[in-house]
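Coordinate analysis (summary)
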Amino acid sequence: MDDVKDKYERQPYRRCGRSGLLLPAVSLGLWHNFGGGKPLDSQRAIFAKALDLGITHFDIADRYGPPLGAAEETFNRLLPRSLRDEVVVTTKGSNPMWDGPYGKGNSRKHLLATLDRSLGRLGLDYVDIFYLHRDDEDTPLEEQAATLDHMVRTGRALYVGVSNFSPERTAQIARLLRDLGTPLLIHQPSYSLLNRRIERDLLGVLEQEGVGCVVYSPLAQGLLTDRYLEGIPADSRAAEGRFLTPDRVTPEVLAFVRALAELASSRGQTVAQLSLAWALRDPRITSVLVGASSPEQLEANVAAVDRLDFTEDELATIDRAAKEAGIEA
């Protein structure tokens, strides 16, 4: 690893909502590439590069694999315990994890059990952030909030968050948690140049409630990269139908990505770097989550922080190209 003094200067750290917690502008997600069947040496190299680049925030979920739970087990193998206090480790619950009526959802019964299983796979006494991975309208929101509060009070988690909640339900659970004395720290939605829905209402709710925002899929599962400038590569996720289906790669979207490539080139960036910088242009975005299949790819993505400024003309160019592609906020 690089010099300790240098690694924390590689990228900016942003305050998460109205909390005392700082997160790096670019964080590492373990959704892809950290399951079983991947070479451990490759995973270790990516993790080491993340630390060298000042990435202190690692986003995981109970379901990430395959198989289920494998990403948590991999992280257990990668994290030196001497660095535990230098990193923020997250996991999530809500997902179907085992058979029977208690193996999924946001009941107190399931959430406490799945978190305890996650802690066992991670080899940790607590996680820094525990998320409800999605809302569960069959479970009273009061029960969901009370369970998150219990996790903090029993030392299983330092902070709590939600993911994929509607603006209305986010506001409701934030108020419930505030009344319980355990503030909602963070929301994790999908956000990218191809998916701007959170600009309508959610970001306003988060700002009002003092909640941070870390976004996933800021590169739209790889579509917002240089790989698709000439169409769908044979070895891509879109070609395989894996998390990105060919029907999403329309001529209009490809024209939009090519317009981004032209602008990115004028800024000295790749399409991916421009897309990450664009997501971070809004101070309400605490961090963007990126995946990585190699240390080099991760380093290239983190380089997005070298140019986070946008002129009004550049933003107008992006918005015009998006409108022509049928992409609206």
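What counts, and where the lines are drawn
- Residues numbered from 1 in each chain as written.
- Predicted model: local features only at pLDDT ≥ 70, side-chain atom pairs only at ≥ 80, totals over all residues.
- Heavy atoms only, no water.
- Buried < 20%, exposed > 50% of the residue type's maximum accessible area, 1.4 Å probe, protein only.
- Helix = DSSP H or I, 4+ residues; strand = E, 2+ residues; numbered from the N terminus.
- Pairing = 2+ DSSP bridges.
- Right-handed = clockwise from strand over helix to strand, strands pointing away.
- Salt bridge = Lys/Arg side-chain N within 4 Å of Asp/Glu carboxyl O.
- Phe/Tyr/Trp six-rings, centres within 6.5 Å; stacked < 30°, edge-to-face > 60°.
- Lys NZ or Arg CZ within 6 Å of the ring centre and 35° of its normal.
- Axes fitted to C-alpha atoms, helices over the stretch in contact; angles between N-to-C directions.
- Parallel < 35°, antiparallel > 145°, perpendicular 65-115°, else oblique.
- Contact = heavy atoms within 4.5 Å.
- Nonpolar A, V, L, I, M, F, W, Y, C, P; charged D, E, K, R; others polar.

Our focus in this paragraph is the pairing of strand β10 (residues 287–290). Neither face of β10 is left uncovered, since the one carrying Ser287 and Leu289 and the one carrying Val288 and Val290 both have all their residues buried. Where strand β3 (residues 26–29) meets β10, three bridges bridge the pair, whose relative direction is parallel. The partner of Ser27 across the bridge, within β10, is Leu289. In the sheet, strand β9 (residues 212–215) pairs with β10 via two bridges, with the strands oriented parallel. Paired with Val214 across the two strands is Ser287, which belongs to β10.

With six of its six residues buried, strand β5 (residues 88–93) lies for the most part within the structure. Across the two faces of β5 the burial is the same, with Val88, Thr90 and Lys92 and Val89, Thr91 and Gly93 all buried. With helix α3 (residues 70–78) bridging strand β4 (residues 57–59) and the parallel β5, this β-α-β connection has right-handed handedness. You can see the chain leave β5, run along helix α4 (residues 108–122) and come back into strand β6 (residues 127–132), and the turn it takes is right-handed.

Going through the model one piece at a time under the given rule, you end up with 19 salt bridges. Ionic pairing is found between Glu209 and Arg178, a salt bridge with its closest N-O pair at 2.9 Å. Here Glu209 is found in helix α7 (residues 202–209), whereas its partner Arg178 is found in helix α6 (residues 167–180), with 31 residues between them in sequence. Glu209 sits in the buried class, given a relative accessible area of 9%. The class for Arg178 is partly exposed, based on a relative accessible area of 45%. Between Arg281 and Glu199 there is a salt bridge, and its shortest N-O distance comes to 3.2 Å. Highlighted residues: Arg281 in the loop between α10 (271–279) and β10 and Glu199 in the loop between β8 (184–188) and α7, separated in sequence by 82 residues. One salt-bridge network, in which partners are shared between bridges, spans Arg196, Glu199, Arg281 and Asp319.

Aromatic rings considered in pairs are described by the distance between their centres and by the relative angle of their planes. Applying the stated rule across the entire model yields six aromatic pairs. Ring geometry for Tyr8 versus Tyr13: centroids 6.5 Å apart, planes at 55°, classification tilted. Judged by its relative accessible area of 30%, Tyr8 is partly exposed. Judged by centre distance (5.7 Å) and plane angle (90°), the ring pair of Phe47 and Phe75 falls under edge-to-face. Of this pair, Phe47 sits in helix α2 (residues 40–52) while Phe75 sits in helix α3, and the two are 28 residues apart along the sequence. The exposure classification of Phe47 matches that of Phe75, with both residues buried. For the cation-ring pair, Arg267 lies above Phe310, with the distance from its terminal atom to the ring centre recorded as 3.9 Å.

Let us look at the packing of helix α9 (residues 251–267) against α10. Their axes nearest at 8 Å, the elements α9 and α10 cross at an angle of 90°. Classified by the angle their axes make, α9 and α10 are roughly perpendicular. Between α9 and α10, the contacting residues are Val257, Leu260, Ala261, Leu263, Ala264 and Arg267 on the first element and Val271, Leu274, Ser275 and Ala277 on the second. When the residues that make up the contact of α9 with α10 are grouped by side-chain class, the tally is eight nonpolar, one polar and one charged.

Glancing now at unusual backbone geometry. The step from Gly65 to Pro66 runs through a cis peptide bond, and the omega angle for that step is -5°. Mapped onto the fold, Pro66 is located in the loop between β4 and α3. The omega angle of the peptide bond from Pro66 to Pro67 is -10°, so this bond is cis rather than trans. For Asn33, which is not glycine, the phi dihedral falls at a positive 75°. Topologically, Asn33 is positioned in the loop between β3 and α2. Positive phi outside glycine occurs at Ser217, with the angle close to 55°. With respect to the helices and strands, the residue Ser217 is situated in the loop between β9 and α8 (237–240). Assessed through its relative accessible area of 16%, Ser217 is described here as buried.

So yeah, pure geometry; function would need other evidence.
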